[in-house]
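Residues per chain, in single letters:
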Amino acid sequence: MKLTDVVDTSRRVGEVGGRLEKIRLLASLLSAVPPDEIETAVAFLSGSVRQARLGVGYAALQAAMAASAAEPSLELAEVDAAFDLISRVPAGKGSTAERQRILRELLARATEPEQDFLFRLVIGELRQGAVEGLMLEAVARAANVPAERVRRARMMRFVERDHIAQE
């Protein structure tokens, strides 16, 4: 899936005020996302990245900003892969420069709206209104299952994760 589709949906979700319209927009996009990209799309639309820690702050993002691409070409999976690379850069001498290099290469391939989206995503300031409850409803609608099943599955995931962490 193209990043621009996620960016456009995020913008539209931020522009509408009604809960049902936000759910409809999110579900419409999610129903078109390839199965192996659902986790990334949900994370991005929820205002987070899948990686636990990128180690990139506001100043590093500013420094990595480059001229934008004229046409959208970035795939959602490419962005997620770049974030994986950034998150795995080992700490130490040169790590900041390496993270910035990867980020700069990614942002150079992004259009201006995509750059803005990625910037706000990474610093945690996306704020387009796709809060967890709305996203769960949208996932349920996109998957054509009752919302209660999605909420229960999410709850069970956390119970399982906490149980594994305690062992």
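Residues numbered from 1 in each chain as written. Predicted model: local features only at pLDDT ≥ 70, side-chain atom pairs only at ≥ 80, totals over all residues. Heavy atoms only, no water.

### Overview of helix H6 (residues 95–108)
Right, on to step 1. Counted at 1.5 Å a residue, the expected span for H6 with its 14 residues is 20 Å, and the 20 Å between its end C-alpha atoms agrees.
Right, on to step 2. Looking only at H6, the buried set comprises Ser 95, Arg 99, Gln 100, Ile 102, Leu 103, Leu 106 and Leu 107. Angular distribution of buried residues about the axis of H6 spans 165°; they occupy a single face of the element.
Right, on to step 3. Structurally, H6 contributes buried residues whose contacts are with helix H4 (58–64), helix H5 (76–87) and helix H7 (112–123). (Helix = DSSP H or I, 4+ residues; strand = E, 2+ residues; numbered from the N terminus. Expected span 1.5 Å × (residues − 1). Buried < 20%, exposed > 50% of the residue type's maximum accessible area, 1.4 Å probe, protein only. Arc of directions from axis to C-beta. Contact = heavy atoms within 4.5 Å.)

### Looking at the environment of Ala 140
Right, on to step 1. Within the element layout of this structure, Ala 140 appears in helix H8 (residues 132–143).
Right, on to step 2. Judged by relative accessible area, which is 2%, Ala 140 ranks as buried.
Right, on to step 3. When the C-alpha atoms of Ala 140 and Leu 61 are compared, they prove to be 34 Å apart, with 79 residues separating the residues in sequence.
Right, on to step 4. What Ala 140 contacts, discounting residues up to four positions off in sequence, is Val 145, Pro 146, Ala 147 and Val 150.

### Observations regarding the nonpolar core
Right, on to step 1. Leu 3, Phe 44, Phe 83, Phe 117 and Leu 118 are the most contacted members of the largest nonpolar core, which totals 43 residues.
Right, on to step 2. Looking at this core, the elements with two or more residues in it are helix H1 (3–15), helix H2 (19–30), helix H3 (38–45), H4, H5, H6, H7 and H8.
Right, on to step 3. If you tally residues by element for this core, the top one is H2, at six residues.
Right, on to step 4. Ignoring sequence-local partners within four residues, the contact set of Leu 3 consists of Phe 44, Leu 74, Glu 75, Leu 76, Val 79, Glu 114, Phe 117 and Leu 118. (Core = buried A, V, L, I, M, F, W, Y, C linked by side-chain atoms within 4.5 Å.)

### Here we look at the packing of H2 against H3
Right, on to step 1. Relative to each other, H2 and H3 sit at 155°, their axes nearing to 11 Å. By the criterion of interaxial angle, the relationship of H2 to H3 is roughly antiparallel. Relative to H3, the crossing made by H2 is right-handed. When H2 is examined against H3, the residues Leu 26, Leu 29 and Leu 30 are found in contact with a partner set consisting of Ile 38, Ala 41, Val 42 and Leu 45. (Axes fitted to C-alpha atoms, helices over the stretch in contact; angles between N-to-C directions. Parallel < 35°, antiparallel > 145°, perpendicular 65-115°, else oblique. Left-handed = near helix turned anticlockwise from the far one by under 90°.)

### Comments concerning the pattern of salt bridges
Right, on to step 1. Going through the model one piece at a time under the given rule, you end up with 12 salt bridges.
Right, on to step 2. One salt bridge connects Arg 24 with Glu 21, and the closest N-O pair in it is separated by 2.7 Å. You can see Arg 24 and its partner Glu 21 sitting in helix H2, three residues apart, about one turn around the helix.
Right, on to step 3. Accessibility expressed as a relative area gives 30% for Glu 21, which makes it partly exposed.
Right, on to step 4. One salt bridge in this structure joins Arg 50 and Asp 84, with 3.6 Å as the shortest N-O distance. Of this pair, Arg 50 sits in the loop between H3 and H4 while Asp 84 sits in helix H5, and the two are 34 residues apart along the sequence.
Right, on to step 5. Looking at Asp 84, the relative accessible area reads 24%, which means it is partly exposed. (Salt bridge = Lys/Arg side-chain N within 4 Å of Asp/Glu carboxyl O.)

### What to know about the confidence of the model for the protein
Right, on to step 1. For the protein, the mean per-residue pLDDT works out to 89, and 92% of the residues sit at or above 70.
Right, on to step 2. By mean pLDDT, the top-scoring element of the protein is H5 (97), and the lowest-scoring one is helix H9 (residues 147–166) (67). (pLDDT = per-residue confidence, 0-100.)

### Things to note about the environment of Met 65
Right, on to step 1. Tracing the backbone through its elements, the reader meets Met 65 in the loop between H4 and H5.
Right, on to step 2. Taking relative accessible area as the criterion, Met 65 reaches 31% and is therefore assigned partly exposed.
Right, on to step 3. Along the backbone, Met 65 and Ala 108 are 43 residues apart, and their C-alpha atoms lie at a distance of 7.4 Å.
Right, on to step 4. If sequence neighbours within four positions are ignored, Met 65 has contacts with Leu 107, Gln 115 and Phe 119.

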